[in-house]
Amino acid sequence: MMMSSRFFFRFSSFAAALVLLAVAPVLPAQDSSSSSSSTSKGGKGAPGQAYREEKAPSLVDPNGPAISLISSETLFTMTAALNACGYDEGLTESDPIRQKVRDEINQALAGSEDARSKRDKVCLFIAQHRMTGTVKDISQYISLALYLSPPPALETSAELPDMPPDSTQVVEILPLLRDFAAAIDLHGIWVTSRRGYDETVNRLHDALTQMILSTNIYLKMPTSTYDGRRFLVVVEPMLSPHTVNARIYGPDFVVVVSPVNGAIRMQDVRHTYLHYLIEPLLYQRATAMDRFLPILKEVREAPLNYQMRTDIDQLTIECLIKAIEARTMDTGIAPYVVPPDATRADFERIEHDRSVVAQKMERVRDAQVRHDMVQGYVLTQYFYEQLIHFEKDPAGMKDTIGEIVYSMDVDHEVHRARDVNFDKTADDDVLQRTAPRKLTGLDLAEARLDAGDFATASALARQSLVVATKDQTVDTGRANFILARTAIMTGHPEDAMTDFEKAASTAKETRILAWSHIYLGRMLDLDCKRDEALAEYKEALEVRDGQQDTRLAAERGVKAAYAVRGHTCDADDSGDAAGDGSDSKAAPADASSGNEKPVEKPLSPAPK
């Protein structure tokens, strides 16, 4: 496509504007301060610090076992809708079933305008009910899903005052969710996916059983006793594997997890299970714990959430659990093994070597306790010391907990807390502590482009196109989209047009397809080809990727020609007026110009 000289004059302004459009994934950071949001071991608001309700969620079977590992079609329905609306967090690390379900949903959407329309309504609701841009945006929908009857009814199983507060903020999504699920036959997708879910549950069964047994063995507590409470682990691969959502509803402890490579974040599940075991033991002694209240005065400057700084029961429970975790943690040091050829003469050396290894392990555990103390969990050291004696006593935790609580020297612990120099911030959340994924291929190309390394980004994208001739899984549309952007940033508009056209014809992702048409429309507007530009904007609207910023950008392009400062399509090329008759100086400042940052969505990254 040949372009006028006027286009080259305006091109540098467009290139500078385009770079402001975020195209790398934006993963929502976890905020563990929420009482019912997903949280991490060691951070604020650990999984057990969850919202307590009088009524149990609907998926808790009143006649079921005390401990269960299950999947739920109701939760699947909600999380499938979130994925259809751009919830991509942890997608590359997720179980393959997540992408399979997404592909089936996209196929159903592609064949039905009615389904796309109903999907758009769900996505608009989600966009309008974004709270923080963090995991809370997902947490509120999980809370709601736990209180819904099975599809297709999807009715709340409790009165609104009896439901978690975050869930009531999004309850109006239910009629939209029912319509969307029916339009794409989401129940049918669930039926075809159920076998994969069951296989995942079966794979996790032994690991979860081992965790429960080892925890109960350490605490010397029976596993078969049923006291009216339940511990429920719900498996949902449609969520990020980095996320553990834990909630406490009255007597029921519910943990929602997503597997990756057949495994879950067992340490976070165990943390919640410890709450399940420990809380009733300490709440029975709540009156005795009232004498611990002076300790709260000493943690006012600690980076604890409000609940921990004001509720001595919750603080005490958390400190005991952290002490148990420190005593039973994997120190990373291999246990000492007696050499197979050892003799009686080696006894002294063996004991020395065994002691050296034990001291190394203890230093690691002590470091963990010190860390918990400076985070504000100031009773951890006391409980840790008591557990050393507990391990040598044949009595179980149920029989020992009273003595541990009543024998505490509160004045001593107050002075110990007073001497702690607290951290300024709480622990990082799970996502931030996870080792960063090594970027390769087009992911690395995106990262290099965002860093301004256009040569490397272009080279990686071209390399991906070469690989695509042999590997059909390579997304050539995304590769061409990257090339188009690098061409713009390096001053090659005709190459950019060509690559955007290739991206529009080969893109697998609807978001890349839509934005390719939008960028083509903008470049055509700059070349004073308004009719062709309008056609591109309308193509973008037809794609219906369900995202708010895509729709708004395309609608703006239809309403008014894209312009940058100094742009004109007048015959005299005076540069004083925009082609649509508006004041060109106003264009870059408003949302119709290339200087806008796409409207951030609660659950979706910007186009890759």
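Residues numbered from 1 in each chain as written. Predicted model: local features only at pLDDT ≥ 70, side-chain atom pairs only at ≥ 80, totals over all residues. Heavy atoms only, no water.

Topic: the packing of aromatic side chains
Working step 1: Using the criterion set out here, one finds 13 aromatic pairs in the structure.
Working step 2: On the basis of an interplanar angle of 65 degrees and a centroid distance of 6.1 Å, the ring pair of Tyr-218 and Phe-390 is categorised as edge-to-face. One end of the pair, Tyr-218, is in helix 8 (residues 186-219); the other, Phe-390, is in helix 15 (residues 380-392), with 172 residues separating them in the sequence. Accessibility classification places Tyr-218 together with Phe-390 in one group, the buried group.
Working step 3: For the ring pair Tyr-273 and Tyr-276, a centre distance of 5.7 Å and an interplane angle of 25 degrees mean the geometry is stacked. Taken together, the residues Tyr-273 and Tyr-276, both in helix 9 (residues 266-283) and three residues apart, mark about one turn of the helix. The same class applies to Tyr-273 as to Tyr-276, namely buried.
Working step 4: Chaining the aromatic ring pairs together yields one cluster made of Phe-231, Phe-253, Tyr-273 and Tyr-276.
Working step 5: The lysine or arginine in question, Arg-229, covers the ring of Tyr-276, its NZ or CZ lying 4.2 Å from the ring centre. (Phe/Tyr/Trp six-rings, centres within 6.5 Å; stacked < 30°, edge-to-face > 60°. Helix = DSSP H or I, 4+ residues; strand = E, 2+ residues; numbered from the N terminus. Buried < 20%, exposed > 50% of the residue type's maximum accessible area, 1.4 Å probe, protein only. Lys NZ or Arg CZ within 6 Å of the ring centre and 35° of its normal.)

Overview of the pattern of salt bridges
Between side chains of opposite charge, pairing is possible as soon as their charged atoms come close.
Working step 1: For the structure on display, the rule yields 26 salt bridges.
Working step 2: Across the pair Arg-551 and Glu-555 runs a salt bridge whose closest N-O atoms are separated by 3.4 Å. Of this pair, Arg-551 and Glu-555 both sit in helix 25 (residues 548-559), four residues apart, roughly one helical turn.
Working step 3: Assessed through its relative accessible area of 33%, Arg-551 is described here as partly exposed.
Working step 4: For Glu-555, a relative accessible area of 27% puts it in the partly exposed group.
Working step 5: Linked by salt bridges that have partners in common, Arg-327, Glu-362, Arg-365 and Glu-391 make up one network. (Salt bridge = Lys/Arg side-chain N within 4 Å of Asp/Glu carboxyl O.)

Considerations on the sheet that holds strand 3 (residues 244-249)
Working step 1: The strand order 1-2-4-3 describes an open sheet built from four strands, whose pairing is mixed. Each edge of the sheet is formed by a strand with only one pairing partner; in this case those strands are strand 1 (67-70) and strand 3. Pairs of neighbouring strands in the sheet enclose a mean axial angle of 15 degrees, with direction left out of account.
Working step 2: Here strand 1 pairs with strand 2 (residues 230-235) via four bridges, running parallel. Counted as the bridge partner of Ile-67 is Phe-231 from strand 2.
Working step 3: Seen against the sheet, helix 9 touches strand 1, strand 2, strand 3 and strand 4 (252-257) and runs at an angle of roughly 180 degrees to strand 4. (Pairing = 2+ DSSP bridges. Axes fitted to C-alpha atoms, helices over the stretch in contact; angles between N-to-C directions. Contact = heavy atoms within 4.5 Å.)

Considerations on helix 13 (residues 312-328)
Working step 1: With 17 residues, helix 13 extends 24 Å between its outermost C-alpha atoms, agreeing within 8% with the 24 Å of an ideal straight helix rising 1.5 Å per residue.
Working step 2: The buried fraction of helix 13 amounts to 16 of the 17 residues, a majority that puts the element mostly inside the structure.
Working step 3: A distance of 3.0 Å separates the backbone nitrogen of Asp-313 from a side-chain oxygen at the start of helix 13, and that oxygen is part of Asp-311. (Expected span 1.5 Å × (residues − 1). Polar contact = N/O pair within 3.5 Å; in protein donor to acceptor, adjacent residues only side chain to side chain.)

Topic: the nonpolar core
Working step 1: Membership of the largest hydrophobic core comes to 66 residues, with the highest contact counts inside it found for Leu-219, Val-269, Ile-278, Leu-315, Phe-383 and Met-397.
Working step 2: Among residues more than four places away in sequence, those in contact with Met-397 are Leu-219, Lys-220, Met-221, Ile-278, Leu-281, Leu-387, Phe-390 and Ile-404.
Working step 3: The next biggest cluster of nonpolar side chains, apart from the first, holds 49 residues, and it includes Leu-59, Ala-81, Tyr-87 and Leu-186. (Core = buried A, V, L, I, M, F, W, Y, C linked by side-chain atoms within 4.5 Å.)

Observations concerning the state of the cysteines
Working step 1: Following the criterion strictly, the structure yields one disulfide and no others.
Working step 2: The disulfide partner of Cys-85 is Cys-123, and the gap between their sulfur atoms is 2.1 Å. Between Cys-85 and Cys-123 the disulfide shows an S-S torsion of about -90 degrees. By sign, it is left-handed. With Cys-85 in the loop between helix 2 (73-84) and helix 3 (96-110) and Cys-123 in helix 4 (residues 113-128), the pair connects residues that are 38 residues apart, well separated along the chain. (Disulfide = S-S within 2.5 Å.)

Details of the pairing of strand 4
Working step 1: Burial runs high along strand 4: six of the six residues are buried.
Working step 2: Neither face of strand 4 is left uncovered, since the one carrying Asp-252, Val-254 and Val-256 and the one carrying Phe-253, Val-255 and Val-257 both have all their residues buried.
Working step 3: The pairing of strand 2 with strand 4 spans six bridges and is parallel. What sits directly across from Val-234, in strand 4, is Val-256.
Working step 4: Between strand 3 and strand 4, which pair antiparallel one after the other, the connecting turn spans two residues, and Gly-250 there sits at a positive phi close to 60 degrees.

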